[in-house]
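Chain by chain, the residues run as shown.
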Amino acid sequence: MSSMFSRGDYPRPQFERSAWMSLNGEWQFQFDDERIGLDEQWYGETTFAQRIQVPFCYQSELSGIGTQEFHDTVWYKRKVEIPREMSGKRIILHFGAVDYSARVWVNGQLAAVHEGGHTPFSADITSLLRREGPDEITVQARDYSKDVTLPRGKQFWKEKSELIFYTSTTGIWQPVWIEAVEPVHLSRVFYYPDIDRNEIGIQYVVDGWSDEADIKVRTRISFEGEVVAYEECKITAAKQKRRIELHDFNDHGMGRWWSPEHPNLYDVEYRVYVNGIEKDTVRSYFGMRKVSVDSGKLCLNNRPFYLKAVLDQGYFPGGILTAPSDDALKKDVELTKSMGFNGVRKHQKIEDPRFLYWCDKLGLVVWGEAANAFAFSEAYVQKFTSEWIEAVNRDFNSPSIIVWVPLNESWGIPNIKVDDQQRQHAMAMYHLTKSLDTTRLVISNDGWEHVQSDLCTIHDYQWDYNKLVAKYSQIDSALDAPQNRDVYVKGYQYEGQPILMTEFGGISFQKGETSGWGYSGASDGADFKKRVHAVIKAMQDSPLIQGYCYTQLTDVEQEINGLLDFNREPKIPLETIRAINEGKFELEEDL
Amino acid sequence: MTTIRPEYPRPQFIRDSWQSLNGVWSFAFDDDDLGLKEKWYQDTGKLPLEITIPFSYQSELSGVEDKRNHERVWYQRTFDIPAEYAGKRVILHFGAVDYECRVWVNGQRAGNHRGGFSSFSLDITELIESNQNVITVMAKDYLTDLTIPRGKQYWKEKGEVMWFTNMTGIWQSVWMEFVEEVRLEKVRFTPHLDTNEIEIQSFVEGWNERSRLELATRIEFNGEKIAEECRTIFAGVEAWRVNLRDFNDHGMGRWWSPEKPNLYDVTFELKADGVVVDRIESYFGMRKISVDNGKLCLNNRPYQMKLVLDQGYFPQSLLTGPTDDAIRRDVELCKAMGFNGMRKHMMVADPRYLYWCDKLGALVWGEMAAAYVYSEQYAHRMMDEWKEVIERDYNHPSIVVWVPLNESWGVADIYYNEQQQHHAQSLYHFTKSVDSTRLVISNDGWEHCKSDLCTVHDYAKDPEVLHKRYSDIEHILADMPGLEGRKFIYNPGFSYGGEPVLCTEFGGVNYHSEPDAPVVEPKAENENEFVQQLVDVINPFLVSKLVQGYCYTQLTDTETEICGLLTWNREPKVPLDIIKRINEGQTNFQGMI
């Protein structure tokens, strides 16, 4: 059975193969509150009574279940007919995300184990498949609803959401799919754009490489249909890197660099040949862009860049963390752009790759932020580090992502001000991220209590224009404990980094009857407009601040401080927000 | 095929389809400037003498050996195009013609060139007649013009002090090669050691959009295939980098150094619509020269340079190596004496010399031949010639430092003349702008503007003076060792900024081991005294905590100079091993000589 929300779009748009099949749709489902499934070998012949619409979590309406009770162990099962054209190839089973840990069996045999609720995993299941007849996939997912040392983001540890915390998500919440590949195939590529030299670095990762076969990869790079590079190189190791100069002239608004205003993407096609026979074809893309700090200025493509971002938590009515459709993801990007924002801080969530695809394609910079835990322990450090490595790895190629935020507002490290161990963790996350990715900026702890960060980011929900302007007109007052939190913890200090206000606003305004929560409140549309204008104008009028991130894009459940409501309906005209972002209003006298 | 310098003249970029034009040519002096008027290029038989190319008429091996100044000379010879190359484009190459020349083929002007030390080539295809072609060259030198880059060539007929016999006209190999319309004109190799990548820039001549051009590249190391690739060519100039995956530690790996002169072999094949139209054999070395925390580093590790000054003069052939073996032998002798490099002084080395340095492992400081008087015209000409030199030799891993100016030659007033400072600065920055991989010295020895190294020349002989002077930078800057207190190390407006300090000329110990060598005072009287004096001047730099390298003056005696470690005929004055031990720090040689 398929529904209108089958999410049948290609789940890995950065690296696309034609031989694939979605396993979204109806699966058998079972709560296992007693945790007897393993003992009873539910991964065997057992059938489950309930039904669920994958990839939606059981808490969501779109899953067909829709209960907010905690059920920390859940099981999924379905039959799969491997299409005839895939036979004889290696079959790879992919999971976009399963919260928090997963075990996967194919025909009763264990195929994969994964931990980490926001990152993808896959398994080569070829040897587990039956020669004839349908195959059966069983998944056991375990979540730990009340364990606040797990990376969880905004998922509340109580059943009913409150304040800034929302309904939980358990189990599968991103697409499940299979693809067919030859034993020798390109397992992925990494892109290293270098605009200073107009070179694209490409690292080829070839699965099944051996030096016995003659393995070659043909790379064709084109821009809007024009081929700009076409080459074939012998693969002499499983990981091989090269750089290609792109002929381009970038000035006077010309050229092919990527920016929110000109989301130029190069298309790439890879073909893998083994002993002269074509074995794999992959379509991909990259963008040439650079983010850097130069003489204290935040720069995009070597020019000062003023960030106008909005906080986007990626919650959807009906789907919770899972967008109901690809269009819904695309529409969020379009709405953000039409309100005059050039960026988004994707808050406490590793978003679906389709979202990043639309940001790449339509032009929106992204701050990629981890979903944090809320309490610190050594076990937390291990789990969080593993998941973050996978997250950075998954999204390494998206030109839209320019900043990584492993930690936010001291979540998971609540005692960082006084606890050296937690400071060490924040420093470790900063350096780990830099060691995995030298092309992006990294924030050790967004909002306050920074250790080392490439940008000085501050959260301040002050709503009064005059107070904001006064505070952010001079460096000393700007750094003087906004929100009563120190900007830097002991041993670290401001050293000329660009200052950005990465959370502010949060003005609540509800058109209907129900009451909700916000950082400050508006009484009607005109008041809302005035208040939004006041705080954004204050940022624009500050001589120090080089960018902002307004809280927030949409209402989320009981939190009603969105510019749009939870259903993405504008509270005031989009053009009004756009005009505010563009600084087109003169300040009204009463602000 | 000729037996005179028959080896391939451009070993960094080899094509099969070539032919040497070295050997006997007709020759004439034209002191009365009749050649042009009488159109000597239109016929054969007007040049009464014969000369053996590529040796200049002043040298013995030329067969002319006339030491008098003749500023205008003519060369002529006939040649055939071998049948196998019929229909190909014909490129005529000149290794070097001092100072300027005009070239005719079959009576028609083929081109001209100015600059006595840089190479040039001419496409003469349209001038070729089916058989029996005639090539005529008129070379003009300005033997007393001190504003043209000349190096050690004296402006008087007889060499004196540190200046030597002049050279005029052709003095490096002349050759032809046969190529297709579409060809690989050159490549530039830029090693990126830190990422273990080789950057390749291809220059495809005759590139067009009509045919599908592909360039196949194969990189090998000691026969092991490292990379193999084929790329479509979309533009005349393209660049890409290949990762070489290499483990470099514990003495392993494939980086290039004087101790381990590892070279990667490269084969390029250019294909047009699938057909191979050009094939090149080349090589590169992975090495990096840098200054890191005030330390001069080779391949990211501190490296002490032990150089010897090499002026490249040969008794019978002056600046032209008499044979490829002789060139190779000079490199081998330097290494045998414990040096790890040479400052190639006041001349631009023959590419064969650089080839042997690449191959055998020796660092080279590439230095321009200086003029002696400044003028705006000099500045133009210097710049033109220098840029040809650095472009020609860009790919040689052995070259690690560029020295456009030495001891204020050509910029004699640089200390107080801002124009001359601008000239030195422009050469420094120009060199950096076309070669970001090497270090550059604005003015070697003294009166530096901006330089990547602080190089001083110091001929003090007293070890106590040297020990004291090179104990800290303040002493060096205050002593002004160059000409004993008369030359500042830095010009006004420039100052020492923590650059590595090297003494790049010193020693110059005179000792003649042959009875007929000229007597220059002061000199060592016997081998023992010679060795002691060498120890006295070399050892202070080895023990100095400050000095990171040196360049001993000099490799061989040259004409009137007898300060060589070897005689002019390359005979050791003391056993090579003694010099090696001195370079290694041994100070006591009692009973060994």
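Bear in mind that the values here come from a model prediction, so they are computed numbers and not experimental data.

**Here we look at the interface of chain A and chain B**
A common way to express how large an interface is: the accessible area buried when the components associate. The interface is formed by 21 residues belonging to chain A together with 21 residues belonging to chain B. In total, about 1700 Å² of surface goes out of reach between chain A and chain B, with carbon and sulfur atoms giving 41% of it. In this assembly, chain A and chain B are joined by six salt bridges. Residue Glu229(B) is joined to Arg242(A) by a salt bridge in which the shortest nitrogen-to-oxygen separation is 2.3 Å. Here the side of chain A that touches chain B gets eight residues from one element, more than from any other, and that element is strand S17 (residues 226–234) of chain A.

**Some details on the UniProt feature "domain: Glycosyl hydrolases family 2 sugar binding" (unreviewed entry) in chain A**
Mapped onto this structure's residue numbering, the UniProt feature "domain: Glycosyl hydrolases family 2 sugar binding" (unreviewed entry) falls at residues 22–150 of chain A. The span residues 22–150 of chain A is 0% helix and 42% strand, and its two end C-alpha atoms sit 29 Å from each other.

**Some words on the packing of helix H7 (residues 527–543) of chain B against helix H8 (residues 576–584) of chain B**
Residue and element names in this part refer to chain B. For the pair H7 and H8, the least separation of the axes is 8 Å and the interaxial angle reads 30 degrees. Our classification of the angle between H7 and H8 gives roughly parallel. As H7 packs across H8, the resulting crossing turns out to be right-handed. Across the interface between the two elements, Val-531, Leu-534, Val-535, Ile-538 and Leu-542 from H7 touch Ile-578, Ile-579, Ile-582, Asn-583 and Glu-584 from H8. Within the contact of H7 with H8, the residues separate by chemical class into eight nonpolar, one polar and one charged.

**Thoughts on the side chain of Arg243(A)**
Checked against the element boundaries, Arg243(A) lands in strand S18 (residues 239–245). Of note is the side chain of Arg243(A), whose polar atom sits 2.7 Å from the side chain of Glu197(B). Each residue touching Arg243(A), except ones within four places of it in the same chain, is listed here: Asp194(A), Glu199(A), Ile200(A), Gly201(A), Thr195(B), Glu197(B), Trp240(B) and Arg241(B).

**Points about the sheet that holds strand S4 (residues 50–54) of chain A**
Residues and elements named next belong to chain A. Sheet architecture is open: six strands sit in the order S4-S3-S5-S11-S8-S9, paired in antiparallel fashion. Either end of the sheet is taken by a strand with one partner, and the two such strands are S4 and strand S9 (109–115). Across the sheet, the mean angle from the axis of one strand to that of its neighbour is 25 degrees, orientation sign disregarded. Bridge analysis of strand S3 (residues 25–31) against strand S5 (residues 73–80) gives four bridges, and the strand direction is antiparallel. Counted as the bridge partner of Phe-29 is Tyr-76 from S5.

Definitions and cut-offs
Residues numbered from 1 in each chain as written. Chains lettered and ligands numbered in written order. Predicted model: local features only at pLDDT ≥ 70, side-chain atom pairs only at ≥ 80, totals over all residues. Heavy atoms only, no water. Contact = heavy atoms within 4.5 Å. Buried area = accessible area lost by both parts, 1.4 Å probe. Salt bridge = Lys/Arg side-chain N within 4 Å of Asp/Glu carboxyl O. Helix = DSSP H or I, 4+ residues; strand = E, 2+ residues; numbered from the N terminus. UniProt positions renumbered as here; feature names shortened; annotations may be inferred. Axes fitted to C-alpha atoms, helices over the stretch in contact; angles between N-to-C directions. Parallel < 35°, antiparallel > 145°, perpendicular 65-115°, else oblique. Left-handed = near helix turned anticlockwise from the far one by under 90°. Nonpolar A, V, L, I, M, F, W, Y, C, P; charged D, E, K, R; others polar. Polar contact = N/O pair within 3.5 Å; in protein donor to acceptor, adjacent residues only side chain to side chain. Pairing = 2+ DSSP bridges.

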